[in-house]
Each structure stands twice: as C-alpha cells, then as structure tokens.
Amino acid sequence: MSSTARPEVKTEAGLGGEGQPLAGPGLPAGRSHDRLGWLRLPRAKGPRQAAALFAALLTVTVLCAGDAVARSYPFGPRTRSVNDLGNQYVPYHAHLWDLLHGRADGGLFVNWQSGYGASFLPDLGTYLTSPFALLVAVFPRDEIDLAVYVITVLKIASAGAAMAWLLLCLRPGRWWAAGLLGASYALCGWTVASAVYNLMWLDGLIALPLLCLVGEWVLNGRRPLLGVLVVAAAWIANFYTAYMATLAAALVLLLRLLLSGLPRRRRFTAAGRAGLTVALGMGLAAPVVTVVYFGTTHASPGRFTQFTPVATEDLLARLLPTTYSFGSPALYVGTTALLLALALPFHRAAPRQVRTGWTLLVVGVTLSLQWGPTQLLWHAFTPPQGSSYRETFVVCALLVIAAWHTLSYGPPDRRALGAAVAVLALIAAYASRSDLVRPFAWPVLLTAAAGALGGLALLARTDGRPTAGTGRRTGPAVVAVLLLVGTQLGEATATSAVATRMRLGHMDDYAPWGDRREQQAEAIAQADGWPRYRTDPGREQTVGNDPLLVGGQGAQYYSSHTSDILFRTLTALGGGWTSGGRSLQSLDNAVTDVIFSVGARVHSPPDPHQNWFPQDGSRVTVSRQDVPPLVTVRPSAATARTGVSGFGPSPYRNQELLLGTRVYNVPRLTVRTSTGKPPYRVGGERPGVRIGAPNPGTAVAKPTITARCPADSEVYLWAPHFAGTARLTGDSAHGLTGRFRSDPVTKIAAMQRLGTVPASGRLRIELSPNQTGSVPDGAVGCLDTARLHTTVERLKTTGATDVTVFGATIRAKLPAGTAGTAGTAGTAGTAVIAAPRIAGWRCATDGASATPAGEYYGLVAVPLSASATSLTCTFHPPGLRLGMAVGATSLVTLLLLCTLTVVRRRRATKR
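The rules we used
For every chain, the first residue of the written sequence is number 1, and numbering continues from 1 along that sequence. The predicted origin of the model limits local features to residues at a pLDDT of at least 70 and limits the giving and counting of side-chain atom pairs to 80 or more, whereas totals for whole chains, interfaces and linings rest on all residues. For side-chain calculations, the full set of non-hydrogen atoms in the structure is used, while hydrogens and water are omitted. When the centres of two rings from Phe, Tyr and Trp lie within 6.5 Å, Trp using its six-membered ring, the rings pair. Their planes under 30 degrees apart give stacked, over 60 give edge-to-face, and anything left gives tilted. Per the convention used, a helix needs a DSSP run of H or I reaching at least four residues, while a strand needs a run of E reaching at least two, with both numbered from the N terminus. Any residue under 20% of the maximum accessible area for its type is buried, any over 50% is exposed, and the rest in between are partly exposed; the area is computed with a 1.4 Å probe on protein chains only. Here, a strand pair is defined by DSSP locating no fewer than two bridges between the strands. Patch members must show over 30% relative accessible area and no salt bridge, and they are joined within 9 Å when carrying like charges or within 5 Å when they are nonpolar side chains of Val, Leu, Ile, Met, Phe, Trp or Tyr. To measure how exposed things are, a 1.4 Å probe is used in the Shrake-Rupley method; for residues, cover is taken only from the protein chains shown. Note on definitions: salt bridges are taken to be side-chain nitrogens of Lys or Arg within 4 Å of carboxyl oxygens of Asp or Glu. A residue counts as positive if it is Lys or Arg and as negative if it is Asp or Glu; His and the chain ends are not included. To locate a charge, take atom NZ for lysine, CZ for arginine, CG for aspartate or CD for glutamate. The span one expects for a helix is its residue count, reduced by one, times 1.5 Å. Any two residues whose heavy atoms approach within 4.5 Å at even a single point are treated as in contact. Only protein atoms enter the 1 Å grid, on which a cavity is a set of points fitting a 1.4 Å probe that cannot get out and a pocket is an open set with protein on both sides within 12 Å along at least 5 of 7 lines, lining residues being those with an atom within 4 Å of a point. Grid points are joined across faces, edges and corners, and a volume is the space filled by probe spheres set on the points. Amino acid classes used here: Ala, Val, Leu, Ile, Met, Phe, Trp, Tyr, Cys and Pro are nonpolar; Asp, Glu, Lys and Arg are charged; the rest, including Gly, are polar. To get an axis, fit a line to the C-alpha atoms, keeping to the stretch in contact for a helix; angles then go from 0 to 180 degrees between the N-to-C directions. Each angle is binned into one of four classes, with values under 35 degrees roughly parallel, values over 145 roughly antiparallel, values of 65 to 115 roughly perpendicular, and all other values oblique. Helix crossings get a hand from a simple test, with the near helix turned counterclockwise from the far one by less than a right angle marking a left-handed crossing and a clockwise turn marking a right-handed one. Buried Ala, Val, Leu, Ile, Met, Phe, Trp, Tyr and Cys residues form a nonpolar core when they are joined through side-chain atoms within 4.5 Å. We call a pair of cysteine sulfur atoms a disulfide whenever their separation is within 2.5 Å.

## Side note on the packing of aromatic side chains
Okay, step 1: Evaluation of the coordinates by the stated rule reveals 18 aromatic pairs.
Okay, step 2: Ring centres of W112 and W530 lie 5.5 Å apart, and the angle between their planes is 40°; this geometry places the pair in the tilted category. One end of the pair, W112, is in the loop between strand 4 (110–111) and strand 5 (118–119); the other, W530, is in the loop between helix 20 (515–527) and strand 7 (534–536), and 418 residues separate them in sequence.
Okay, step 3: Classification of W530 as buried rests on a relative accessible area of 16%.
Okay, step 4: Judged by centre distance (6.3 Å) and plane angle (15°), the ring pair of W190 and W201 falls under stacked. One end of the pair, W190, is in helix 6 (residues 189–193); the other, W201, is in the loop between helix 6 and helix 7 (202–220), with 11 residues separating them in the sequence.

Set out below in structure tokens:
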C-alpha cells in the first residue's frame, strides 16, 4: 500500500447502509475520526439522487391526488384561488408574464397599472424573485392559474427532494426511507393547509434543508463558495421565510457542533465560518432585501392582532392527519414520521446524546411557537397580519430530521415502538378535546397508525435490510416498504383534500380566468390610451389586483407594500379598502377621474362567483370622460398646500382641494330609520347616525336619506361604515344600485354614484343594510357637472402638451408661459403629476439637476419657474443604492476570499 492510500474504514449498514462510512453520534456522515483528523472519503451520490427523485414523485402524486379528491382546480370545478392567492399572487405572476413578454405598463422600478403608480421592486422581491416564478413565461397568458399551480407543485416537490438529500448527508441510510421522510416534510400540515396558497412561502420550505446542507458543508470545510450562493439564493427567493429557515438551520448546526466531539477551538472555527457564509450570502441578496425592507417602512400600517397562543389540545391536534384550522400551527408530518420521532428518546441503538439533543431541540422549538417573545423573534420582530404560525414548517423539519435519526440507527425495537405508540395515544386522547379533530379524522388516524406500525415492525424483523438475504427476508421487507409508502400516500392525500375543501368554506375565493376576465381584458385593450389617459378596470372588481390581471391603470392595489401616502390620499377622497388598508379599491367618481386622468372606465356586472347576480342583459361596457393630461399646472399658491394632513373630514371638499375648484353641493340631510324615526347619533372614530339592520324575516320599510340639491346634478353617497345597498328612488337613478361593503375592523366602503337629482331638486335614498352600521354627516354630495367640465378645460389648457412614460421616468412638455399663466402676474406655478408622492421620486425642469419631488395633497409636485417648458421625473426605489453598495462589498469580499483560497492551495501543492 502506498503512503497516500486511505486506511480501511468500517461502514454501518443502518437500513442497508449503502456502504457509507460510519458516522459517530455527532460526526457528519461519511467521515471517520482518527489521529489525522477528518478524512475525506468518497460517497456514492446515486442513493441521494434516487431519494430526491422518489420524494419528488411521491409529493407530486399526493398533491395531485388530493386536489382530484377535493375536485379542486385543475382536476375539478372548485377554484383553488382563495384569499391572497387569488387577490395577489396570481395577479402578480400575470404581471410578471407581461413584463417578460414586454406587455406591462412600467418596468422593474414602477408599476403604472396599480395604485396610480406604485413602487414595483419591493413587490418583486416579496412575491416574484423565486427562480420558479420565471416559469410563467412558458404558459399562455389565459392559463395563468395553471402556471401558478404548476409552480406551486414544483416548489413543494423540490422541498421534498432537498430534504431527502439532506437526510442522507446527516446520516447514512436507505434511499427509499430518506425519500419517504423527505415527502413527509414537503407534505407537512403547514404546506397543505397554509403555504399551498401562499406560494412564496414555499421558497422557505425549500431553503431550510438547503441551508442545513450549507451547515454540513461548513462543518466539513467544503464548498464555501457554493454555500454563500445558496444562502444568497434563499434570501433573494423570499427573505421572509428564508429568515426563519436561517434561524432553524443555525439551531441544527449548533446541535451538530455540540454532538460532534470536536475540540472547542474547531467548533468555534466552524461557527465562525457559518456566520461568515450567512453574512456574505445575505450581503449578496442585499439589493433585494433592503428594497423590500424600505418598502415595508413606507407601507400603510395595516391591522395587526396581538398574539394569543392556541390551546394545548389544538396544538396537539394539528399533529394528527385531516385536522384543519386557519389560526393554529399545522404540525402534521405523517403518522410514520411522527411515530419515529416519538420513538427517538427510547431508541437504545442511538447514542444517548443524540436522543437527548434532538428531542430537546424539537420540544424547545415547538414551545417557542406558544410564547409571545419567541413568536416575535421567528417573525423578525414584526407581528404578522393574518396567521400567527408562519414558522411552523421549522418544527415539521425538525420532526422529520429526528425521525430520520431514529431510522438511521436501525428500525426501533418493540420497546421503543411501544413507547412511541403510547405517547401517540396520549396525544390523540388529549387532542380529542379539540374541535379541530372532526369525526372523519379518527378512521384516517387509526388506519395510518396501523399501517405505520405494521411497516416498522416488519422492518425490525428484517433488521433493516429489505434487499439482502433470502427470499423469506426479502418478502416482509418489501411488504414493509409498501405499507409505509401506501400509508404515507393515503393519509397525506386525505389531509391535503380536507384542507383544500375546508379552505373554501372558511376563506374568500375567486374564480380562475374565464369569460368575465376575457371580456374585461378585451374592453380595456380596445379603450387603452396610456399615457394620454388612464383606463380603469372598474369599481366592480373581480380580485384585489384587477389592473395586473386584466390590464389598465387604476387605483386598485393590494400588496404588503401599499404605500401609506396612497392609502391616506384615497381614503380622504372617499375610497374604500379591505385587509386593514392594504387592499385599495377603485373609486368610480367623476372628480377623482379628472384628478387622476382616468379617461376610460370599465363597467362590469357584479361577479356571479361572489353570489352577486347581474341584471338581465348587463355586460362589460366602457364609459369615457374628457380629462386633463397626466401632468397639470396649478397656481403658485398651490406650493404652500403640501401634504395629506391638509385634508379635512369631507371627501367632497378634499376632492375639491386637489381639483382646485368648488364643484360639489353638500346638502343638509334628513335621515330616518325603517320606523320613520330619527336615528341615534354615534360618536368616536365613526361619527354620524346609526343605521340598524332589520330583523330577518320581518317586512318593514327601509331607512331613508332625504335632501335637496340642484336639479340634474350627480348624486354620490359616502358611507364608509355602512354595509348593504343604497338606491336613489325615482327614474333618475338610471338603474344604479350602490353596493357598500364594510366591517368594524378590516373594511370600509367606497363612495358610490347613485344617479342624478330629479327636476324637483328633492332626492330620496333608500338604504338596505345587512348589518348595523352608520351614515356620517355630509354623506351626500351633488356634483355640478357643468362646472367640472369648465375646470377640465382650464386644466387641459395649462397642462402638458405631451407626456411620455418610459419605465420609471415620466417626461412632460409644457406650453410656453404655462407657469406664468397658472400663477399670478408671471409668478411661478406648480406642476402636479397624477401619481402618489411615494418616496423615491426626483424631478428636474429644463435639464436642471434633479431634486426630491414636492407633494401636493399626496401627489407628486414640482415647483416651476415662469419660463419652464419641460419636466422630467424619475423614480429611484428607496434602499436600492444601499443594497447595491452592500452587495458589491460582499461580492468583492467573496472574490478576495476565493482568490486567497486558490493561492494557498497552489502554494501547498508546490510544497
């Protein structure tokens, strides 16, 4: 034997072993510890690839089977677009499709289709930076729902494959067992109940095993460059769940270091390498992460609820198959994986420190879900708006890893398996007190427990070697594998199907792309005149981001980064919103259409999917209105009127402030209840009069509002905290019915147009409330359309003669002397761009140096000299410059470290 030959190393079969080197309690699989230190030994990659492929195939099979059983899209008539999937993620992927095909209004920096001009890079970093998102480009535009479904399935399958690969790196074992547990992780309760319709969270599901794999590389001193790139990719794909996955991977690495038996100095060295790897990876991701962070700082505040831990019985119930609820941690990983994890403390074949360490880690992280301070830590110290248990996949991963450690030391014996069954029985007994355990859960649990117990018992009889030995030993082993795989397939399919069906009963849902959207998209394409004017998709929205889905440029916008200034501006003008102010709605109002240059507006019948049945013969139509250009010039006095704080309580007067002219008559109102009596007054945050809902089944008169206004003026009703319908009596209603949607916490209703004032000048509005609400003082506004037309002509005369928009830059040519004409005696005026003054706008006139734009009641404003003839404004996403600087620094540091490593290796070789 030559002096360079590797010494013979004993191997551990485990579940067959695949001839991998024996791994001690804390040693990475494939290493042997001797006097010379950690020896690198070759390991076959075939089993890992087989395990990853098996996990992916099993995952895809279960997901598709579960949707087929639930008759959910694309395998049945039921939609899968619930809550934010339909409102946000499908529309954002549709917008990405438009960007990739050059059909979007805007670019990477500005989205001109939503919110009258919104910063897009934070949304891109939050929803669309996953590499899987690019797959939308290969699907037809009208199959965007299918594209999102395929992306979702591929992400979950990739997570299963990544976990299977990781398990074989942690400990040697059989590839099929690693694949089975990898699928258990991918199909965990968090995935099928919560993340399957929040598909950007699935990047964290993939990131966690990959980051743990980076920890293994760090522990072994291998692949430093690839480790940094994996960290960067995880944080770019979705920094929110990547943060949680990074914390989890750090805990796993710390435990691996404690169990490694390495000298203290080497442990600290490995921990330092891990810290440097994460820091450099996060640094490379900084251009995305910093933009997203600054986007959240400028976002509307939203509505957040204080964390309240769930009851213990509910927590334990979510370990069982086919349990479901929105507000509890979905800890299900499959009965086989759960039994193996429960057996670990009693599995005498595993070293004591391994049993103790992994058990304590699983229990500790599970308990951290129930404590407020650690909940904040898991969510980056920001209370989530919605589900409070978004980090649950971390516990699922730890349960699966613990299960693998049990199985990798050989199938548990009767003692360990009996103890695990006893603990599972106690969990089930205590969980039976929870309402989350429905009757159909028990047959599934008992069948799965019997299958898992039988499979593990048969494995123990074959000593974990299904492919070795005589036929008599091979037969039971094959049956064991089939039992375990069949059990996993059956209970995971049932759990996925139950979650899919129950989501539809608990959440808002939206129809996939169909005739309604096809008609809307066609109407918008024919009417589109951007940037000469905007085309609004309409008040009767289908989802919260209609402009991204069907085209056009409107107020509607739903994002985690909906700007606070847009939220406050539209609310002051009478706009409505949901989701605590994060989902802004279109405002069908002639004055705001003039302010924001909306020259075409789509009118759609109510969405039948939402149980609103359209009137006979109603179809998608388009109305047009004469509006000024996107850039107008206001008098010099306008420069003193800055900020949305200048708005008052009346949306009609606020609209006039932005318009610059009085166009509304706001009459005194007479409000009567259904009994004809004056209603009670209410104060507080919602002053006005109280409108109660009638008792079900009672035939009573309707509450009414009466007032006097000039004949033929347009009637608008502003009742943000009223829920129901309102209708102007008489022929002057022109068939219009105002639908108001509000609730006490998350929604306010938008102002609605009800018709015109009859010739008598007396108007009467009948209210049909469906819940108790209120009508504010000054709720009715009567619009003088002739005066509005005169104002439009004036704004067109002094407005820009030509407006071009390219990406994040808007350019306008102003007629000579515009500023002087708009001002007084030749003094300067103010150019106002019909876009919200979000942070990042910089403007210049006549080629001068750009400076931060001003603000005119929430809109972009630029002071003009008397001789100004051109205007250029460019949007710079806040945080991008800082992120680029950090990213460049990290890249240079990484290149230097790689260069030093190469130099050292060459010097060592020469020696």
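## A few points about the sheet that holds strand 24 (residues 773–775)
Okay, step 1: Ordered by their spatial adjacency, 3 strands build an open sheet running 16-17-24, and the pairing between neighbours is antiparallel. What marks the edges here is a single partner per strand, and that holds for strand 16 (681–682) and strand 24.

## So, a negative patch on the surface
Okay, step 1: A cluster of acidic residues, D142, E143, D515, E518 and E522, forms a negative patch at the surface.
Okay, step 2: Topologically, E518 is positioned in helix 20.
Okay, step 3: The exposure class of E518 is partly exposed, given its relative accessible area of 39%.

## Examining helix 4 (residues 144–170)
Okay, step 1: Between its first and last C-alpha, helix 4 extends 39 Å over 27 residues, near the 39 Å set by a 1.5 Å rise per residue.
Okay, step 2: Helix 4 sits mainly inside the fold: 22 of its 27 residues count as buried.

## Observations concerning the side chain of T152
Okay, step 1: You can see T152 is positioned in helix 4.
Okay, step 2: Beyond its immediate chain neighbours, meaning those up to four positions away, T152 contacts R80, V196, L199 and L202.

## Structural notes on empty space enclosed by the protein
Okay, step 1: Scanning the model with the defined rule gives 7 cavities of 30 Å³ or more in all.
Okay, step 2: Roughly 170 Å³ of internal volume is contained in the largest cavity.
Okay, step 3: Taken together, 15 residues line the largest cavity, and the ones lying closest to its centre are S119, H298, H561, S563 and I838.
Okay, step 4: Listed by contribution, the elements that provide at least two residues to the lining of the largest cavity are strand 5 and helix 11 (286–297).
Okay, step 5: The leading source of residues in the lining of the largest cavity is helix 11, at 3 residues.
Okay, step 6: A class-by-class count of the residues in the lining of the largest cavity yields 10 nonpolar, 5 polar and no charged.
Okay, step 7: If you add up the space inside the second largest cavity, you get close to 90 Å³.

## Examining the packing of helix 10 (residues 264–284) against helix 27 (residues 880–910)
Okay, step 1: Packing of helix 10 against helix 27 brings their axes to within 7 Å, and their N-to-C directions diverge by 135°. As the angle between them shows, helix 10 and helix 27 are arranged oblique. For helix 10 against helix 27, the interelement crossing comes out left-handed. For the pair helix 10 and helix 27, the contacting residues are L276, A279, L280, G283 and L284 in the first and V886, G887, S890, L891, T893, L894 and L897 in the second.
Okay, step 2: Class assignment of the residues belonging to the contact of helix 10 with helix 27 gives a composition of 8 nonpolar, 4 polar and no charged.

## Some thoughts on a positive patch on the surface
Okay, step 1: Residues R904, R906, R907 and K910 make up a contiguous surface patch of positive charge.
Okay, step 2: Mapped onto the secondary structure, R906 falls in helix 27.

## Considerations on the nonpolar core
Okay, step 1: Counting residues in hydrophobic clusters, the biggest one holds 239 residues, and the most contacted among them are W358 and V631.
Okay, step 2: The element contributing the most residues to this core is helix 4, with 15 residues.
Okay, step 3: Once you skip the residues sitting within four places of it in the chain, V631 turns out to touch G799, A800, V803, I810, A812, L814, A831, V832, I833 and L871.
Okay, step 4: Core analysis: the second largest hydrophobic core is formed by 24 residues, V689, V757, V780 and C782 among them.

## A few points about the pattern of salt bridges
Pairing is possible between side chains of opposite charge, provided their charged atoms come close.
Okay, step 1: A complete count under the given rule lists 15 salt bridges for this structure.
Okay, step 2: Taken together, the shared-partner salt bridges in this structure form one network comprising D536, D588, D593 and R601.

## Quick word on the sheet that holds strand 29 (residues 841–845)
Okay, step 1: If you trace the 5 strands from one edge of the open sheet to the other, you get 26-27-33-29-30, paired in antiparallel fashion. Strands with a single pairing partner mark the edges of an open sheet, and in this sheet they are strand 26 (802–806) and strand 30 (851–852).
Okay, step 2: Here strand 26 runs beside strand 27 (residues 809–813); their pairing, made up of 5 bridges, is antiparallel. Considered in strand 27, the bridge of T804 is made with R811.

## Remarks on the state of the cysteines
Okay, step 1: Under the definition given, this model contains 2 disulfides.
Okay, step 2: Linked covalently through their sulfurs, C843 and C873 form a disulfide whose S-S length is 2.0 Å. Residues C843 and C873 are joined through a disulfide that is right-handed, its torsion about the S-S bond being 115°. Residue C843 is found in strand 29, and its partner C873 is found in strand 33 (residues 870–875); the two are separated by 30 residues along the sequence. The pair formed by C843 and C873 is uniform in burial state, with each residue classed as buried.
Okay, step 3: Sequence-ordered numbering of the bonded cysteines in the chain yields a pairing of 1-2, 3-4.
Okay, step 4: Distance from the sulfur of C212, which forms no disulfide, to the nearest cysteine sulfur (C169) is 11 Å.
Okay, step 5: No disulfide involves C396; its nearest neighbouring cysteine sulfur is the one of C188, lying 3.8 Å away.

Everything listed is a geometric property; what it means functionally is a separate question.
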